[in-house]
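# Descriptive analysis of the structure
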Amino acid sequence: MKSTELYNLWKSNEYFNKEVREELEGISGDAKEIEERFYKELEFGTGGLRGIIGAGTNRMNEYVVRKTTQGISNYIIKKGDEYKKKGVVISFDSRNKSPEFALEAALVFANNGIKAYLFDELRPVPILSYAVRYLKTSAGIMITASHNPKEYNGYKVYADDGGQIPLDISNAVLEEITNISDITKINLIDESIAIEKDLLEIIGEEIDNSYIKDLKTLSVNPKIIKSLSDSFKIIYTPLHGTGNKPVRRILSEVGFNNVLVVKEQELPDGNFPTVKSPNPEEKEAFKLAIDYAKKENVDLIIGTDPDCDRVGVVVRNADNEYVTLTGNQIGCLMLEYILSQKNKNNCLPENGFVVKTIVTTEMSRVIADNYKIELVEVLTGFKFIGEKIKDLDEFGDKKYLFGFEESYGYLAGTFARDKDGVVTSMLIAELAAFYKTKNMSLYEGLQKLFSEYGYFLETLTSYKLEGQEGNKKINDTIEILREKKANAFENLKINKLRDYKISRTYNFINDREELIDLPKSNVLYYELDNNFWFCIRPSGTEPKIKIYYGITGKTKELAQKNLDDLKTNVLKVIDNLLEI
């Protein structure tokens, strides 16, 4: 159907509720808005859906949730009765409409004879991932839009190993969704009937308790925590999200007795009233926490995003100013701590491995090499880290030690298979306490890493280009760069270009091509002299094009200059192509 036909169907058919029909009636004279809402279906990517809440096929709403869930149900049913009997576990975060979308999904599954395990209240991503493994379900659903602004919500899909669904399953599910021609034929079962028929079970405390018990086994130095249990002071903010209960509980149970919470951001609120964006990557989100910290003289500030899979950290620097650590810096501090302490205690396995994404700092490689631990590199997205745990640890002969990505996602242990803000909060607090026993701050610990391994600096530029026109501009820009290869950046000496879309590395030094043994992805990665690099890719979850940069330098000042120069040269080309 054309956009106008779909619009008229949604506006007039009583299958769609009164709220939706009235919302659409309100845009009846706005042809551009109608086109934007109905020119396509909200894209089901490798992890699921994410979009602005509202009426329309290109918006996040209960009917898009129903269609997606019906597609997943069809996929599960085709896998056979055993797969169907395992059921699906569903969780949701604090965003607007999250509880409603979660229940909609549960009742669609139940209507298809697939049992739905639905959490009694909001839970973070890592508990959902853990629950899939604990309950041995065939899939998991998480209603969340991570750290996106309040206008967004989303729908993430997990496979039976607790990791985000791999590409083959994603493609199969997308085919099932696409084959649903009439959304008005999708029905729900009544909630009370679903419970009566044991097709809907409300879950919660049992899984929470098991999860926290398992996480406590991942503490590296419990004695350090006990030695500072009362004197070490932490401020934590859940940024109105799901982390409040599990993060505070794990910190308390491992022995941190002096944890303060930012009261204004403690309770769940999908409007995120105290922040512009609930993103722990940004210092602005920590304004209230920093104000508290100045009064309380705290050792550490921790914040988690709404679905508690990302963690941000704020520390005091040498000038006694509060500064945010980057995702790369947090990851390297944790990696060094885990490897060094296991090595010190003679429990660092020879077959151990760590995982990073291709746009994550090369400092992690140097740290892993120092401890003679294998570093495995994967595409951007934590799902690929989860897949390596499954392939190399669960079904292989290697031992997973740690994995992280530059976008503030980390995972220790294999209990969950997605980034985990709860275990990360525990380990970051323990790490900061470890440095305090040496009369050092976490910031000083970072400077020590730089002095040992060199100054590694990274940064990111992202341009938001919304709508049909913006999406076209992003894709056209990357295709032009792909076609021009190294000639696209005439002011830079490109040694190699990795084109992950065609699985080829172009070596311009010796004029050779090599195969890339990773899944295909629309990513261009440029290698320069001195281990400098930059990488360009469209975001998989937002209407953005992202440019990553990484450099090294003998001093902080030189590293910063190198980074600024590289960024300037790259953006001259990108800005011109995007007409910015």
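Counting restarts for each chain, with residues numbered from 1 along the sequence as it is written. With the structure being a predicted model, the display of local features is reserved for residues of pLDDT at least 70 and the display and counting of side-chain atom pairs for 80 or more, all residues being used for whole-chain, interface and lining totals. Side-chain calculation: all heavy atoms of the structure are included, whereas hydrogens and water are not.

## Points about empty space enclosed by the protein
The definitions used throughout rest on a 1 Å grid laid over the protein atoms alone, on which a cavity is an enclosed set of points accommodating a 1.4 Å probe that cannot get out and a pocket is an open set flanked by protein within 12 Å on both sides along at least five of seven lines; lining residues are those having an atom within 4 Å of a point. Grid points are joined across faces, edges and corners, and a volume is the space filled by probe spheres set on the points. What the rule picks out here adds up to 2 cavities of 30 Å³ or more. Taken as a whole, the largest cavity holds about 80 Å³ of empty space. Ile-72, Tyr-75, Ile-76, Tyr-83, Ser-138, Ala-139, Val-157, Tyr-158, Ala-159, Ile-165, Ile-169 and Val-173 together form the lining of the largest cavity. Counting from the N terminus, the helices are the DSSP runs of H or I reaching at least four residues and the strands are the DSSP runs of E reaching at least two. Mapped by element, the contributors of at least two residues to the lining of the largest cavity are helix H4 (62-78), strand E5 (152-158) and helix H8 (167-178). Side-chain classes follow a simple rule in which Ala, Val, Leu, Ile, Met, Phe, Trp, Tyr, Cys and Pro form the nonpolar group, Asp, Glu, Lys and Arg form the charged group, and the remainder, Gly included, forms the polar group. Of the residues belonging to the lining of the largest cavity, the class tally is 11 nonpolar, 1 polar and no charged. Space inside the second largest cavity adds up to approximately 40 Å³. Taken together, Thr-361, Glu-362, Phe-456, Glu-458, Asn-531, Trp-533, Gly-550, Ile-551 and Thr-552 make up the lining of the second largest cavity. Every element with two or more residues in the lining of the second largest cavity is listed here: strand E16 (455-464) and strand E22 (544-553). The leading source of residues in the lining of the second largest cavity is E22, at 3 residues. When grouped by side-chain class, the residues that make up the lining of the second largest cavity number 3 nonpolar, 4 polar and 2 charged.

## A short note on the packing of helix H14 (residues 327-344) against helix H15 (residues 363-370)
Where helices are involved, their axes are fitted lines through C-alpha atoms of the stretch in contact, as for all axes, and angles between N-to-C directions lie from 0 to 180°. For the pair H14 and H15, interaxial distance at closest approach is 10 Å and the crossing angle is 5°. Here H14 lies roughly parallel to H15, going by the angle between them. Contacts between H14 and H15 involve Cys-332, Leu-335, Glu-336 and Leu-339 from the former and Met-363, Ser-364, Ile-367 and Ala-368 from the latter. Each residue belonging to the contact of H14 with H15 can be placed in one class, and the counts come to 6 nonpolar, 1 polar and 1 charged. Any angle that is under 35 degrees is reported as roughly parallel, and any over 145 degrees as roughly antiparallel; angles of 65 to 115 degrees are reported as roughly perpendicular and all others as oblique. Any two residues having at least one pair of non-hydrogen atoms within 4.5 Å are treated as being in contact.

## Here's the deal with the sheet that holds E5
Any two strands are treated as partners once DSSP identifies two or more bridges connecting them. Taken in spatial order, the 6 strands line up as E1-E5-E4-E2-E3-E6 in an open sheet, and their pairing is mixed. Unpaired on one side and paired on the other, strand E1 (48-52) and strand E6 (200-203) mark the two borders of the sheet. Adjacent strand axes in the sheet meet at a mean angle of 15° when their direction is disregarded. By the bridge criterion, 3 bridges tie strand E2 (residues 88-92) to strand E3 (residues 116-119) in an arrangement that is parallel. Across the sheet, Ile-90 pairs through a bridge with Leu-118, a residue of E3. Taken strand by strand, helix H6 (residues 98-111) contacts E2, E3, strand E4 (139-143), E5 and E6, and its axis lies near 170° from that of E2.

## As for the pairing of strand E12 (residues 352-357)
For a regular strand, the rule is simple: side chains alternate between the two faces of the sheet. We call a residue buried when its accessible area falls under 20% of the maximum for its residue type, exposed when it is over 50%, and partly exposed in between, using a 1.4 Å probe and counting protein chains only. With respect to burial, E12 is a largely interior element, 6 of its 6 residues being buried. Burial along E12 is two-sided: Gly-352, Val-354 and Lys-356 facing one way and Phe-353, Val-355 and Thr-357 facing the other are all buried. Direction of pairing for E12 relative to strand E14 (residues 399-405): parallel, over a ladder of 5 bridges. Bridge pairing in E14 links Val-355 to Gly-403.

## Thoughts on the pattern of salt bridges
What makes a salt bridge here is a side-chain nitrogen of Lys or Arg within 4 Å of a carboxyl oxygen of Asp or Glu, nothing more. Taken as a whole and assessed by the stated rule, the structure comprises 48 salt bridges. For Glu-33, the salt bridge is made with Arg-59, and the minimal N-O distance between the two is 3.8 Å. With Glu-33 in helix H3 (residues 31-38) and Arg-59 in the loop between E1 and H4, this residue pair connects regions lying 26 residues apart in the sequence. One salt bridge connects Lys-115 with Glu-201, and the closest N-O pair in it is separated by 2.7 Å. Residue Lys-115 is located in the loop between H6 and E3, and its partner Glu-201 is located in strand E6; the two are separated by 86 residues in the primary sequence. Owing to a relative accessible area of 31%, Glu-201 belongs among the partly exposed residues under this scheme.

## Quick notes on the layout of surface pockets
For the second largest pocket, the calculated volume is near 470 Å³. Looking at the second largest pocket, it is lined by 26 residues, and the ones nearest its centre are Leu-6, Glu-41, Thr-57, Lys-67 and Ile-180. When contributions to the lining of the second largest pocket are tallied by element, the ones reaching two or more residues are helix H1 (3-12), H4 and H8. Examining the composition of the lining of the second largest pocket, we find that 4 residues originate from one element, H1, more than from any other. Considering only residue class, the lining of the second largest pocket consists of 14 nonpolar, 6 polar and 6 charged.

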